[in-house]
Amino acid sequence: MQLRDLPNIISVLRLIAVGPVIYLLLRQEYGWALVLFAAAGVSDGLDGFLAKRFDWRTRLGGILDPLADKALLVGCFLVLGWQGLVPVWLVGSVILRDLVIVTGAVVYNYGVEAVEAAPLPISKLNTVLQIVLVVMVIMAAGPFRLPEGLIEAMIWACFMTVVVSGAQYVWIWGRKAQLRGWRGH
């Protein structure tokens, strides 16, 4: 193990932290779940900073980092939806969007050319809104009270970016596939 492996180790620890966050949410220990979710968020920033600052980027890190992020967000959405704290239709749309993007990337990668994954600006906004929504819902369910209507507004903002970013990925990568041609033909 070398110092340059630190970002990947942090990503693995964040992936492992998904289990305890889910457990705490299921036990309705919202304060502790919020603390651990926040720690995962800080670790996400730290591993990204280290990888970029010291050029410790690896292919494994390029897989582990978004995998840990998605596992944490999707896990939280599933539990919060199951608990009735987030609408089931939003949970379904978040998961469907991710499935469409991943399926499209796999098909493109094997049918057209290697995918150079670069998140779109609207996708980054969607991720930020999903994170903020999860934090707000956990806060409101546990240790803090939020103003009436704030979570509802965030739910709709999150849904709009889910739809727009998902459609944008399908449009952009569909056009690229059309222009570059399918290798299977």
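Residues numbered from 1 in each chain as written. Predicted model: local features only at pLDDT ≥ 70, side-chain atom pairs only at ≥ 80, totals over all residues. Heavy atoms only, no water.

## Quick look at the packing of helix H1 (residues 6-26) against helix H3 (residues 59-82)
- Between H1 and H3, the least distance of the axes is 8 Å, while the angle of their chain directions is 5°. In this view, H1 runs roughly parallel relative to H3, as classed from their interaxial angle.
- Each residue belonging to the contact of H1 with H3 can be placed in one class, and the counts come to 17 nonpolar, four polar and three charged. (Axes fitted to C-alpha atoms, helices over the stretch in contact; angles between N-to-C directions. Helix = DSSP H or I, 4+ residues; strand = E, 2+ residues; numbered from the N terminus. Parallel < 35°, antiparallel > 145°, perpendicular 65-115°, else oblique. Nonpolar A, V, L, I, M, F, W, Y, C, P; charged D, E, K, R; others polar.)

## A look at the pattern of salt bridges
- Scanning all chains against the criterion turns up eight salt bridges.
- Where Arg14 meets Asp47, a salt bridge forms, and the shortest distance between an N and an O atom there is 2.7 Å. Of this pair, Arg14 sits in helix H1 while Asp47 sits in helix H2 (residues 30-53), and the two are 33 residues apart along the sequence. Judged on exposure class, the residue Arg14 and its partner Asp47 are both buried.
- Notably, a salt bridge pairs Arg57 with Asp55, separated by 3.3 Å at the nearest N-O pair.
- When salt bridges that share partners are traced, they join Arg14, Asp44, Asp47, Asp65 and Asp69 into one network. (Salt bridge = Lys/Arg side-chain N within 4 Å of Asp/Glu carboxyl O. Buried < 20%, exposed > 50% of the residue type's maximum accessible area, 1.4 Å probe, protein only.)

## Thoughts on the packing of H2 against H3
- Where H2 meets H3, the axes come as close as 11 Å, and the angle between the chain directions of the two elements is 160°. Here H2 lies roughly antiparallel to H3, going by the angle between them. H3 is crossed by H2, and the crossing has left-handed handedness. Every residue of H3 that contacts H2 at Phe37, Ala40, Asp44 and Asp47 is listed here: Asp65, Asp69, Leu72, Leu73 and Cys76.
- The residue inventory of the contact of H2 with H3, partitioned by class, reads five nonpolar, no polar and four charged. (Left-handed = near helix turned anticlockwise from the far one by under 90°. Contact = heavy atoms within 4.5 Å.)

## Overview of the side chain of Gln83
- Mapping Gln83 onto the fold places it in the loop between H3 and helix H4 (88-111).
- Within the structure, Gln83 has its side chain in polar contact with the side chain of Tyr30 (distance 3.1 Å).
- Residues contacting Gln83, with those up to four places away along its chain left out, are Leu25, Leu26, Gln28 and Tyr30. (Polar contact = N/O pair within 3.5 Å; in protein donor to acceptor, adjacent residues only side chain to side chain.)

## Some thoughts on the packing of aromatic side chains
- Scanning all chains against the criterion turns up five aromatic pairs.
- Ring geometry for Trp89 against Trp156: centres 4.9 Å apart, planes inclined by 35°, an arrangement best described as tilted. In this pair, Trp89 is assigned in helix H4 and Trp156 in helix H6 (residues 150-180), connecting sequence segments 67 residues apart.
- On the basis of relative accessible area, Trp156 is assigned to the partly exposed category, the value being 42%.
- Considering the side-chain rings of Trp89 and Phe159, the 5.1 Å spacing of their centres and the 90° angle between planes classify their relative orientation as edge-to-face. In this pair, Trp89 is assigned in helix H4 and Phe159 in helix H6, connecting sequence segments 70 residues apart. (Phe/Tyr/Trp six-rings, centres within 6.5 Å; stacked < 30°, edge-to-face > 60°.)

## Quick notes on H3
- Look at H3: 34 Å from first C-alpha to last across 24 residues, which is about the 34 Å you get at 1.5 Å a residue.
- All buried positions along H3 are accounted for by Gly61, Leu64, Ala68, Leu72, Leu73, Gly75, Cys76, Phe77, Val79, Leu80 and Gly81.
- Turning to H3, the residues buried within the fold contact H1, H2, H4, helix H5 (121-141) and H6. (Expected span 1.5 Å × (residues − 1).)

## Overview of H2
- Taking 1.5 Å as the rise per residue, H2 with 24 residues should run 34 Å; its terminal C-alpha atoms sit 34 Å apart, in good agreement.
- What H2 keeps buried is the set Tyr30, Ala33, Leu34, Phe37, Ala40, Ser43, Asp47, Leu50 and Ala51.
- Against H1, H3 and H5 lie the buried residues of H2.
- One or two steps after H2, the chain reaches Asp55, where phi turns positive at roughly 55°.

## Description of the nonpolar core
- The biggest cluster of nonpolar side chains holds 32 residues, and the ones touching the most others in it are Leu25, Phe77, Leu133 and Val134.
- Elements represented by at least two residues in this core include exactly H1, H2, H3, H4, H5 and H6. (Core = buried A, V, L, I, M, F, W, Y, C linked by side-chain atoms within 4.5 Å.)

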